[in-house]
Every structure is written in C-alpha cells, then in structure tokens.
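Chain residues, written in single-letter form:
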Amino acid sequence: MCGIVGYIGRQDAYPILIKGLQRLEYRGYDSAGVALINPDNKLNVYKAKGKVADLEYNASSKDTSGTIGIAHTRWATHGEPNDVNAHPHYSQSENLALIHNGIIENYMVIKQELIRNGYTFKSSTDTEVLVHFIEYIKKTNKVDLCRAVQLAMGEIIGAYAIAIIDKNDPDQIIAARKSSPLVIGIGEDEFFLASDATPIIEYTPRVIYIKDEEIAVIRRNKPIRILNMRDIEQTPEIKTLEMNLTQFEKGGYPHFMIKEINEQPRTIVDCIRGRINIEATDVILSGVLDNKERFENARRIIIVACGTSWHAALIGEHLIEDLCRIPVEVEYASEFRYRNPVIDKDDIVIAISQSGETADTLAAMELAKSKGAFIYGICNVVGSSIARGTDAGSYVHVGPEIGVASTKAFTGQVMVLSMMALTMAKQRKTITDELYKSLIKELIIIPEKMKKVLELNETIRDLSKIFTYAHNFIYLGRGYNYPAALEGALKLKEISYIHAEGYPAAEMKHGPIALIDAEMPVVAIATTDSIYEKTISNIQEIKARKGRVIALVTEGDDVVCNIADYCIEVPKTLEYFAPLISAIPLQLLAYYIAVNKGCNVDQPRNLAKSVTVE
Ligand code: M6R
C-alpha cells in the first residue's frame, strides 16, 4: 500500500528519496511524488501517475536540489490515480507539503469547514484536506507546525502516518502516526524516514519505531524529539535492525516471487530453528510454553486473518482440532470486526498476518482484546503493529517477503501453526508420545521434501504454457488440501488475472460442476490421505464431464495419473503437513502462467503488499 520516504541531512535528498521509493515499490502503488526544499527555500513538488520511473522522467529537467525532502508512493483510496491526486500535497499557501498513508475518515466534515473559511481544493483526496487543515490550525491558533499537527490529530478520525515539511523551516520534518507504521533511521548527521525499514537499511541499522499517537520532530543536526498528543516528551527507543540489503534484492532471479518460492526450503529451516530440539523429539515454542495455563485451559480458539493468511488459518483449524481437540473458528478479520462476536475470557484469539499491519486484522485483534480474550500473534514482520499489540506470539522468521503474492510467508505460517498444535497437544495430553515424535520427525524433513518439489520447476513451466490463455480455473482439494486449493486459486487470480475458484472437491456436485466442460482446467489435489479414495471419485466426476484435470499426486500414484490429463508428482508426507508440500507446485504454476502472459508478477495491478486501509 502507500509508502513514505523522508530525508534530512548533508547529502542531496532527491536520489535518496527516489531509491527509497524504488525499495517500497513492492508494496503496490499507482502514482508517486516528491517534495524538496531547495537551497533558496523554494518548496518544489513533482508528481506522476504510474511508476517511480515516470516520476523521475517528469522531474528530470526540473530543480531537484535540496538536502531535505519527503516522497510517496500512493495506492488510491480517495480519488482516482492521477498526477493531481498523487502526494505530496501543498497547503493552501504552498508553504507546507504533506504525504500521508491511511485514511482520514471525517475528511468531508473538515473539508466543508475549510471551504466555509475560503479554502479551495485541487484534488479529491483526504490528504489535501489534512494539509490545509494543519495550516488552518497553525494560522488560527498561532502555533508552530508540531503543535498544529498535534491539534489536528486530536480532531481527525482514522488511521494514518504522515510527514510534513515547511519551506519557512527547511531544517525540520514533522512525522506522526496512528495505526500506520513509521520508522526513523538515524545516520551520521542525517535522518531517514520511511513507512517500513526497507529504504533505510542500506544507510543505517539504527532505527526508532514511532508509536501510535506520537509525533516526531526531526531536526537537522539535533537529537530526535518524540512527543505524544498531550505534548509530553517521550524517550526515543533506538533499536538495531537485523536485516541486510541482500534480503531485499532479487539475487539473480527475474522476480522476487520466484526467488521467494525457491527460498522455502531454507526459510522453513529458519522458521523451525531453535524451536525443535536437535534430537527431533520435542517442540519448544516459547510463546505457547510461557502461557501454559492459558493454552491448557482454552475452551475455544478463534483465528482472524485475511487473504493468504486466512488460508493458513484454515489449515491451523484442522491441525488444532485434530491434535488438540479444541474447537477452532476461523474468521475473516474484516467480517469479525463488524459483528458482535461472542468472546469469552477463556478464548484464545490468534491473529495471523505476514505484514503485521493489515488494518482489518489489527481491528479484529483489538476488538477481541477489548472483550478480554488472550491474543496470540503469528507475524513475519518483526516489531509490526499486530506483533506489538498481542499478549504473546510466534514470529514466522522467513525474512522479508517482497513479492505482493505471498508464498514463503504462507508456508512459514503453516509451519508455525503445526508447531503450535504439537506444543498444545502435548500440554493438553491429547496426543500419544508416539504420534508426537513421529510428527516432529516428519516436520524436520519437510525442507528436504520442498527441495525435491522445486525440482519440478521445468515440468511446471512447460505445463504452464498449455494453460496460459485459459479464462477460468477450478482448484479442488479436500481436508487439509482444501485450503491449499483456495490458496492455489488465489495465487493464480492475483498475478495472472485469470478467474480461478477453489472448492472442496465433493462440493462440486452441489452446483459448480455445471461449469465443467472441455474448456475448463481443473487442478485437483489428490495426494494420498484418509480421503484419497473419495477425492478420486470427485476427479472421475470431472473427467466424465470432459474437464481437463491437472492432478497433484503423491509420487508413484499411477491410479490418478491414469485418470488425469496431466500429473504433478510430489514427495509423500503425512496428511497433517500436506499443504506445506502441495502449495509449492501451485505457486510455480501461477507464477509461470503470469510470466507467460507478461504480467507484472511482483506488483500485480490493484494490489498492495500491506493493506493498511479497510
Ligand atoms: O500481511 P497479511 O498477511 O495480513 O496480508 C493479508 C492479505 O492481504 C494477503 O495475504 C494477500 O491476500 C496477499 N496478496 C496474498 O498473496
């Protein structure tokens, strides 16, 4: 979603801001812009619809001098993507320029008030309303910019992160946040500002995460000041980033997505490192063990998540119910937050989110917290808002995921859920020692099996060519592989724009089977499990209606291969962990179809990496 970059220091700001915007491209955006104060204190704003390269083109013949600036990639919410609606936005006097992530919900009320006071607007955005409002407060209350921002924050409703500069004070950036992340990087005589650490990491590992309802005063050659809304000074907490630049680069692959698909054998090792003992006899998941009583006494588990994380949650439901005998409910966070859910203090609510910033999941988690539930987080981004808001949790530890389509984070989430289920099952004594140990033994060899699946790369690339021009796809699975089918369909939709649906295989006959004809490709996940025979019958039903079946089967399965039109054979694993293996060929199939179609795989149209608005 939208991205923020800022710089103040001794170097030219423009190249740093442009590079920062490029590093944030993975978040998804539709326009970009930059504001710089030049050495003559002129505030220059340049914007462009499209990519950062379009912005560079627009600014190429213009004055881009200055050692202070802010820049933005916008993902449209209020007003279409165009040059005018792109950020930064000038204030009425053109003394101030502001960039903004998030949504100001009461912007219409404020806009009416400003119009009554003679303000005019060029764009359709809530952001322009905010910058005019801050200037209005600054003038009418005769306060400095920091105080004006504080007062504005008291009036506005919504979730936001902002950065603002004033041409009359070229030594200062003011930044503030509520429910939308902001990080300050501390260099030698220079400061960097960004909506996540990605643009900062190449300059400094020293960062301050601005907390909710805090305002940062970033002044040239002065220590950072952090204030809260009541103007009380806060002590900045400096953290050291444990990331390196190579994690944000493609490492020889044409796209981040294929790099991330191929990383999975290693990221799963990172995910289980230190959590399964060397003898492979025990799982030590501290978030669960440290809250032993909560987990032992839990009467119900509710999992809230969105998109791919929601699919991981469905697999978690199977694992926890199977192994721990606790009822589990999986909810779309966006629906949960607007219901009046029955939540008990003995309930555990698990929030799953790769980014840890998804607005709906964050709100669902806050709602559950307000009703007294114990909140457990499963996030990938360390220090993210969801990770910080939970009572306990487990990081996925798969490293930064840059491709908008989630791949390695999904398998990491499923691995964490598998380890959680095992830990809880042991505590609650719902698993025999023999099964517990055999499951751990299988879990630790999953990375090796993933390596074998990745050897199917060429086969799947060839297969993808046959289906590049399909208009629809159906994905079928049962049991543990039903969520894997949903995830396979989502991957294809997201990056190739082919309509695809996932169904429980047996549900087909209740309606969707009407769609089947010789033009309909059907991906059937039919690895050997407790309902394998039933799945075969469902595949026969598809074949009887001339559907073109691509079957995902366990190595050596001639039965299904003889029925299906195409066969993808994957290594055998236990039913509980089947999605960890079946996810990968489906990721590859979606990837190659999208590449064949010439789609922008890493930044699909209309999508954002981190969905920080409702
Ligand atoms: O960061 P989160 O896991 O909370 O994100 C949730 C969804 O927005 C996300 O999984 C989305 O569906 C991805 N584009 C999937 O590839």
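In this report, we go over the structure that sits alongside the text. As the structure is a computational prediction, the values presented were derived from the model and not from experiment. (Residues numbered from 1 in each chain as written. Predicted model: local features only at pLDDT ≥ 70, side-chain atom pairs only at ≥ 80, totals over all residues. Heavy atoms only, no water.)

1. Some details on the pairing of strand β17 (residues 328–332)
Of the strand pairs in this sheet, strand β16 (residues 300–305) and β17 are connected by five bridges, and their pairing is parallel. Across the sheet, the residue bridging to V304 is E331, located in β17. With helix α10 (residues 307–324) bridging β16 and the parallel β17, this β-α-β connection has right-handed handedness. (Pairing = 2+ DSSP bridges. Helix = DSSP H or I, 4+ residues; strand = E, 2+ residues; numbered from the N terminus. Right-handed = clockwise from strand over helix to strand, strands pointing away.)

2. Notes on the side chain of T468
Mapped onto the elements, T468 comes out in the loop between α17 (457–467) and β21 (472–477). Of the residues examined, T468 reaches a relative accessible area of 4% and is grouped as buried. Only 2.9 Å separates the side chain of T468 from the backbone oxygen of S464, close enough to count as a polar contact. Excluding residues that lie within four positions of it along the chain, T468 makes contacts with I498, I593, N596 and K597. (Buried < 20%, exposed > 50% of the residue type's maximum accessible area, 1.4 Å probe, protein only. Polar contact = N/O pair within 3.5 Å; in protein donor to acceptor, adjacent residues only side chain to side chain. Contact = heavy atoms within 4.5 Å.)

3. Describing the packing of α10 against helix α18 (residues 481–496)
In the contact formed by α10 and α18, the axes pass within 9 Å of each other and the chain directions differ by 170°. Here α10 is positioned roughly antiparallel relative to α18, judged by the angle of their axes. Judged by the twist between their axes, the crossing of α10 over α18 is left-handed. For the pair formed by α10 and α18, the contact residues are G307, T308, W310, H311, L314 and I315 on the first element and P483, L486, E487, L490 and K491 on the second. Classifying every residue of the contact of α10 with α18 by side-chain character gives six nonpolar, three polar and two charged. (Axes fitted to C-alpha atoms, helices over the stretch in contact; angles between N-to-C directions. Parallel < 35°, antiparallel > 145°, perpendicular 65-115°, else oblique. Left-handed = near helix turned anticlockwise from the far one by under 90°. Nonpolar A, V, L, I, M, F, W, Y, C, P; charged D, E, K, R; others polar.)

4. Focus on unusual backbone geometry
The omega torsion of the bond from H87 to P88 falls at 0°, within 30 degrees of zero and hence cis. Phi angles above zero are rare outside glycine, and E94 is one such case at about 65°. Its place among the elements puts E94 in the loop between β5 (89–90) and β6 (96–104). For N221, which is not a glycine, the phi torsion comes out positive at approximately 55°. Within the secondary structure, N221 sits in the loop between β12 (214–219) and β13 (225–228). With relative accessibility at 57%, the residue N221 sits in the exposed group.

5. A look at the site of the ligand
The ligand sits among 15 residues. The nearest are S309, S353, S355, T358 and E494. Q354 is positioned such that a nitrogen or oxygen atom in its backbone is 2.7 Å from an oxygen atom of the ligand. With the chains in place, 91% of the 410 Å² that the ligand exposes on its own is no longer accessible. (Near = heavy atom within 4 Å. Areas by Shrake-Rupley, 256 points an atom, 1.4 Å probe, with all protein chains shown as cover.)

6. Describing α17
Within α17 the residues assigned to the buried category are N457, I460, L463, S464 and F467. The buried residues of α17 occupy an angular sector of 125° when projected down its axis, which confines them to one face. (Arc of directions from axis to C-beta.)

7. Points about the sheet that holds strand β24 (residues 548–554)
The strand order across the open sheet built from five strands is β22-β21-β23-β24-β25, with neighbouring strands paired in parallel fashion. Pairing within the sheet leaves two strands with one partner each, and these edge strands are β22 (499–504) and β25 (566–570). Strand-to-strand twist across the sheet, computed as the mean angle between neighbouring axes with direction ignored, equals 20°. Bridging between β21 and β22 involves six bridges; their strand directions are parallel. Bridged to I474 within β22 is E501. Contacts from α18 reach β21, β22 and β23 (521–525), with the element oriented near 175° to β22.

8. Quick look at the packing of aromatic side chains
Tallied over the full model, the rule gives twelve aromatic pairs. Taking 5.9 Å as the distance between ring centres and 90° as the angle between the ring planes, the aromatic pair formed by Y119 and Y136 counts as edge-to-face. Of this pair, Y119 sits in the loop between α3 (107–116) and α4 (126–141) while Y136 sits in helix α4; the two residues are 17 residues apart in sequence, bridging distant segments of the chain. Here Y136 falls in the buried class, since its relative accessible area comes to 18%. (Phe/Tyr/Trp six-rings, centres within 6.5 Å; stacked < 30°, edge-to-face > 60°.)

9. So, helix α15 (residues 433–444)
Along its twelve residues, α15 runs 17 Å from first to last C-alpha, staying within 8% of the 16 Å computed at 1.5 Å per residue. All buried positions along α15 are accounted for by Y436, L439, I440, E442 and L443. Down the axis of α15, the smallest arc covering the buried residues is 160°, so these residues share one side. Contacts from the buried residues of α15 go to α7 (264–272), α10, α14 (408–428), α16 (446–454) and α21 (578–596). (Expected span 1.5 Å × (residues − 1).)

10. Focus: the state of the cysteines
In total, this model carries one disulfide according to the counting rule given. Among the cysteines around C379, which has no disulfide bond, C306 carries the closest sulfur, lying 12 Å off. Take C379: its relative accessible area is 2%, and that puts it in the buried class. (Disulfide = S-S within 2.5 Å.)

11. Thoughts on the pairing of strand β1 (residues 3–8)
Buried residues dominate β1, accounting for six of its six residues. Judged by which residues are buried, β1 turns out to be covered on both faces: G3, V5 and Y7 on one side and I4, G6 and I8 on the other are all buried. In terms of strand pairing, β1 meets strand β4 (residues 68–74) through six bridges, oriented antiparallel. Bridge pairing in β4 places G6 opposite I70.

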